[in-house]
Amino acid sequence: MSDSQTIIEELEEALSTRPIGYRAEALRRITDLFLGSASTYDEHEVALYDDVMVLLIGEMETAVRAALARRLAAIPNAPQNLVRKLAQDEAIDVAGPVLTTSPRLDDDELVAAASTASQDHLLAISKRAVVSEAVSDVLVTRGDRTVALSTVANKGARFSARGHDILVERSREDDELAAGVWTRQDIPRHHLLKLFAVASENVRRRLESVDGQSTRVLRTMLSEVSGRVQETVRMRSSDYSEACRIVEALRRAGELDEAKLREFAATGRFDETTVALSVLSDLPIGACERALVQPRAELVILVAKAIGLSWNTTKTILRLRDGHNAPDRNAEYLAAYSKLRPETARKAMNFLRLRERAAHAQPHAQGRE
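Source: prediction; values computed, not measured.

**Here we look at the side chain of D137**
In step 1: Structurally, D137 is set in helix α9 (residues 133–142).
In step 2: A distance of 3.4 Å separates a polar atom in the side chain of D137 from the backbone nitrogen of G163.
In step 3: The residues touching D137, leaving out its near neighbours within four places in the chain, are S160, R162, G163 and I166.

**Observations concerning the side chain of T316**
In step 1: Relative to the assigned elements, T316 resides in helix α22 (residues 311–322).
In step 2: Only 2.8 Å separates the side chain of T316 from the backbone oxygen of N312, close enough to count as a polar contact.
In step 3: What T316 contacts, discounting residues up to four positions off in sequence, is R262, A265 and A266.

**Brief notes about helix α8 (residues 119–126)**
In step 1: Those residues of α8 that sit buried are H121, L122, A124, I125 and S126.
In step 2: Contact partners of the buried residues in α8: α5 (80–87), α6 (92–101), α7 (107–116), α9 and α10 (145–153).

**Re α10**
In step 1: All buried positions along α10 are accounted for by V147, A148, L149, S150, T151 and V152.
In step 2: Along its buried surface, α10 packs onto α8, α9, α11 (161–170) and α12 (175–182).
In step 3: Sitting at the head of α10, D144 places a side-chain oxygen 3.2 Å from the backbone nitrogen of T146.

**Digging into the confidence of the model for the chain**
In step 1: Taken over all residues, the pLDDT of the chain has a mean of 83, while the share at 70 or more is 79%.
In step 2: Residue range residues 211–229 is modelled with pLDDT below 50. Its contacts to residues more than four positions away, or to other chains, number 30 contacts.
In step 3: Across residues 363–369, confidence stays below pLDDT 50; counting only partners more than four residues off in sequence or on other chains, it has one contact.

Criteria and cut-off values
- Residues numbered from 1 in each chain as written.
- Predicted model: local features only at pLDDT ≥ 70, side-chain atom pairs only at ≥ 80, totals over all residues.
- Heavy atoms only, no water.
- Helix = DSSP H or I, 4+ residues; strand = E, 2+ residues; numbered from the N terminus.
- Polar contact = N/O pair within 3.5 Å; in protein donor to acceptor, adjacent residues only side chain to side chain.
- Contact = heavy atoms within 4.5 Å.
- Buried < 20%, exposed > 50% of the residue type's maximum accessible area, 1.4 Å probe, protein only.
- pLDDT = per-residue confidence, 0-100.

Shown next, in the form of C-alpha cells:
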C-alpha cells in the first residue's frame, strides 16, 4: 500500500466521529508516518499532514501535545502551522521544545512570542542555538532576571546596541548579570567601560573574581581606577585602531571638523567620536572616553562648550552617550549647555588638560625611579 493511500485512510478515520482516545492514537500514527519519511516530502506533502494534525491537536490533552512537540521540535521541515500552534500553547511543556529548538520558527514569530508569552516561554526562547538581535532585544527588555541571565549566557545570542544598553543598565546592582555581560567576547569596548562606570561596589567586587578574558584588566581597574586600564582595554580593540586611522587621515586632509564629529556620533560610532573629540579638544583620549561612559553628562557639555560645538552637535554626542533606552533629557541638557559660559568652560578645560597630563605622566615617572 502506498504512503498516499495510507495517509488518505488515516485522514478518513481521524476525521470521523471517534472517541478522543482513538483520535489521539490516529495522531500518533500519522506522526509516526510523517517522521518515517519526513526528509523525502516536499512542502505540498508536508502541508497535507499539517492541515490534519492542526485539526486533531486542538482536542488533545497536554501530555499528548507535549509529546508531539518533543517529537517534531528538531525536524527541519516539520508542519509549519502545527509548529506555530505548538509554540503558542499556554502550557510550557508543549511550547518549550519548539520555542527552544524548532528551525521552523522565524524571527518575527519568535519576537511575537517573546512580546506576549510567559517568562517560562521567554526562557525557552533564550536557549535557542542562535538568538538574533531582534529577539534578544525583547528577551532582555521584557524578560525577568532568569531570562536575562540565560540570554547573556547563551554564546549563540547576539545583541544590538540597544540590547547592550539595557544589559549595562540592568547590571548596575546585579553582580551575576554584570559578570555574565563582562565575560562575553562580543561586548563593545564602550559598553565594557560603561559597565564598570555604573556598577555598584558589590558588582565591582564580584567582577574581580570572574574568570574570563577581561579579568586581568578588571583587577587593574579595581586596584588603580586609572587611565591605564582604559588604555589596556583600548589597545586590545581593533575598532579603536581603525578609528585612529580614520580620524588621523581626516586630520591630515584638513577635513576633521564639527560636522564630521557630529556624523560619527549620529551613526553610533563610539570610537571615532571619542578619537575625534580628543583631537578637536586637545584632551587625552581617556578623558573623552570617561566623559562618554560616566553616569553624569557635565563633562561632555563642558568640553563641547569650551571648543565651541553647537547645541545640535552636543545633543547628538549626548544621545550617543546616553544610549538607546535612556529617557529624553534634552531640556535638562540644553539648560546646562545654555547656562555654561564659554570662558568658564575654557578655564575648566585648561585645568582638566593639566590634571589629565599630570596623571598620565605620573606612572611613567614612577617607572623610572
